[in-house]
Amino acid sequence: MLNINQRLQQIFGEAISTAYPGLENPPLTVTPNQQAKFGDYQCNSAMAMAQMMKTKSQKVSPREIAEKIVQNIPNNELIERTEIAGPGFINIHLKRIFVSKLLSNLLVNGVQPPSLKKKKKVVVDFSSPNIAKEMHVGHLRSTIIGDSMCRLFEFLGYEVLRLNHVGDWGTQFGMLIAHLQDKFPDYISVSPPISDLQAFYKESKKRFDEDEEFKKRAYQCVVKLQSKEPDFIKAWNLICDVSRNEFQKVYNCLDIRIEERGESYYQDMMTAVVMEFEEKGLVQLDEGRKIVFAPGQSIPLTIVKSDGGYTYDTSDLAAIKNRLFDEKADIIIYVTDSGQAMHFQVVFAAAQLIGWYDPKVSRVEHAGFGVVLGEDKKKFKTRSGDTVRLMDLLEEGLKRSMDKLKEKGRDKVLTLEELVKAQRAVAFGCIKYADLSHNRINDYVFSFDKMLDDRGNTAAYLLYAFTRIRSIARLANIQEATLRKAAETTEVLLDHEKEWKLGKCILRFPEILQKITDDLLLHTLCDYLYELATTFTEFYDSCYCVEKDRQTGEVVKVNMWRMLLCEATAAVMAKGFDILGISPVERM
């Protein structure tokens, strides 16, 4: 698909450099027009250029600049005409025939991403729960946001490595292994029946806090685990496996693919990382600790503790080095809560200080997010004050979505298999969309009632809208093969203002994806899908796709170009849902 905005920027970039060849890095601003009477897009560069020239003692009015830009627009396939408005806005009207051809291309070839200049490798670090602890609502955002970012980059043609940096190493494992040895002494030959790992963790923590002998033994277990003694590695693996099975239940519900590489994966790399910092003279001693101060950062990284042990700082440095050099990542994204922003800022600064990457060449970014709040605007917790288990939340979503479907009478018209499919689509789609439709930087209020509302910008509304669009051809008794043939032979007419508005809205999809690739803010895609659905409703209310006999209800006329607009809308919505990790269903 052609990114119209990007193509217009190329055209106007060329016009500006021809009109003002001496102007270095002139501002280039092209945006869609909000009001149809002013055209389809607008170039607003003239005002900023006038300011720029003023600083160089060249006084030229923005309108004069706009006129000169317009005079130098190269021949192109896209622009019908331009007009200058106000102080120097350039309004751009697109050629309808060209937009029609782009829509035909989409219908024939499917929703294809714009071509990539270079296939880059992206590493996304997301989800990251702790072994021996249950996934709770705090892991929901990282898991959903990270998965959606991966889906976006995968669709655009990047090579994506989805990494789950689980907490699977450290002092707590000594405590857990010591407790395992006491509770299940035959764990080496008989697999211990640990069903409730959370309770097991709490029991061992209580003993660790209250029993000095047990605490001493726990520390000895850590040393033996770090020395890789077989019995201790076996115990560690057993505990990790129980956790993995629990995590996988959540990932199966949310349709998440992810590769586990916990802190343990980087243990053997840490000594070399510390030596490299020492050899380059970047380490300072501070009361027995080895610390690194990165330029511009007020907080140091502790790379070796006073007892000789390593820290999160050390493992995160080992991880970033591994991703840059072994994985050869061009882009690395860390999806964690905003509370870790400072930590990652210091890690990135240290990685640049030692020369591992240049931010002009490699993109390394922390995509932080706010916390999940309850409807009382406080941190989302159960009534007893505990953190909400993620599995409980998902099961509650399933229950509520089934209630909603029954309330709408869907159990009367759908088969049991269709009903269960719709239940899962609505429950998990609504939970994901409620998160993704908010700016990730902000906190957001979790409300089942709001997310299951089928009015407004919700997954429930969009899923119903999509199902309705997909049903139009079925109700008109038009076969898929007929639509495919029509896509190749029928011109998509855009004479009605609502046809034109919908056609342009469909084709803004690549622009939206480009914006998200740049700023990693996925709510932009949700806003776009909602705009597309409401624009489609306007079109459908004003333009007959299928005309029926009022007495018999028989189809008397099919406006095939409008059916094709329905198909194009559904195709883009389906791809948008796919990027958000939402599964639409044909019948709801």
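Since the structure is predicted, the reported quantities are computational estimates derived from the model, not experimental observations.

A. The arrangement of the UniProt feature "domain: DALR anticodon binding" (unreviewed entry) in the protein chain in detail. Residues annotated in UniProt with the feature "domain: DALR anticodon binding" (unreviewed entry) correspond here to residues 462-588. Its end C-alpha atoms 12 Å apart, residues 462-588 is made of 68% helix and 6% strand.

B. Broad picture of the pattern of salt bridges. Following the criterion strictly, the structure yields 48 salt bridges and no others. Its salt-bridge partner being D449, residue R400 comes within 3.4 Å of it at the nearest N-O pair. Here R400 is found in helix α13 (residues 390-407), whereas its partner D449 is found in helix α16 (residues 448-451), with 49 residues between them in sequence. Judged by relative accessible area, which is 57%, D449 ranks as exposed. The network of salt bridges with shared partners includes D147, R151, E154, R162, D255, R257, K575 and D578.

C. Just the sheet that holds strand β11 (residues 331-334), in detail. What the 5 strands build is an open sheet, ordered β7-β6-β5-β11-β12; its pairing is parallel. The strands lining the two open edges of the sheet, one partner per strand, are β7 (259-260) and β12 (363-366). Direction of pairing for strand β5 (residues 121-125) relative to β11: parallel, over a ladder of 4 bridges. Looking at the pairing, V124 lines up with I333 of β11. Helix α12 (residues 341-353) contacts β11 and β12 of the sheet and is inclined by roughly 160° relative to β12.

D. Representation of the nonpolar core within the structure. Residues L140, F446, F509 and L525 are the most contacted members of the largest nonpolar core, which totals 170 residues. Discounting residues that sit within four places of it in the chain, L525 has contacts with F509, I512, L513, I516, G576, I579 and L580. In terms of nonpolar packing, the next biggest core, distinct from the first, is built from 33 residues, L301, L317, Y334 and Y357 among them.

E. Just the sheet that holds strand β3 (residues 79-85), in detail. Taken in spatial order, the 4 strands of this open sheet run β1-β2-β4-β3, and their pairing is antiparallel. Two strands close off the open sheet at either side, each with one partner strand: β1 (30-32) and β3. When strand polarity is set aside, the average angle formed by the axes of neighbouring strands in this sheet is 25°. Examined bridge by bridge, strand β2 (residues 41-43) and strand β4 (residues 89-94) share 3 bridges and lie antiparallel to one another. Looking across to β4, one finds that Q42 is bridged to N91.

Basis of the calculations
Residue positions are counted from 1 within each chain, in the order its sequence is given. Confidence filtering applies because this is a predicted model: local features only for residues at pLDDT of at least 70, side-chain atom pairs given and counted only at 80 or more, and all residues used for totals across whole chains, interfaces and linings. Computation of side-chain values: all heavy atoms of the structure, hydrogens and water removed. UniProt positions are given in the numbering used here, feature names are shortened, and annotations may be inferred rather than shown by experiment. Under the DSSP-based scheme used, a helix requires at least four consecutive residues in state H or I and a strand at least two consecutive residues in state E, with every element numbered from the N terminus. A side-chain nitrogen of Lys or Arg and a carboxyl oxygen of Asp or Glu constitute a salt bridge if their distance falls within 4 Å. For every residue, the accessible area obtained with a 1.4 Å probe (protein chains only) is divided by the maximum for its type, and the residue is called buried under 20%, exposed over 50%, and partly exposed between those limits. Strand pairing follows a simple DSSP-based rule, namely that at least 2 bridges must link the two strands. Contacts are assigned to residue pairs that have any heavy atoms within 4.5 Å of one another. What counts as an axis is a line fitted to C-alpha atoms, over the stretch in contact for a helix, and the angles between N-to-C directions run from 0 to 180 degrees. The nonpolar core is taken to be a set of buried Ala, Val, Leu, Ile, Met, Phe, Trp, Tyr and Cys residues, with the residues joined through side-chain atoms within 4.5 Å.

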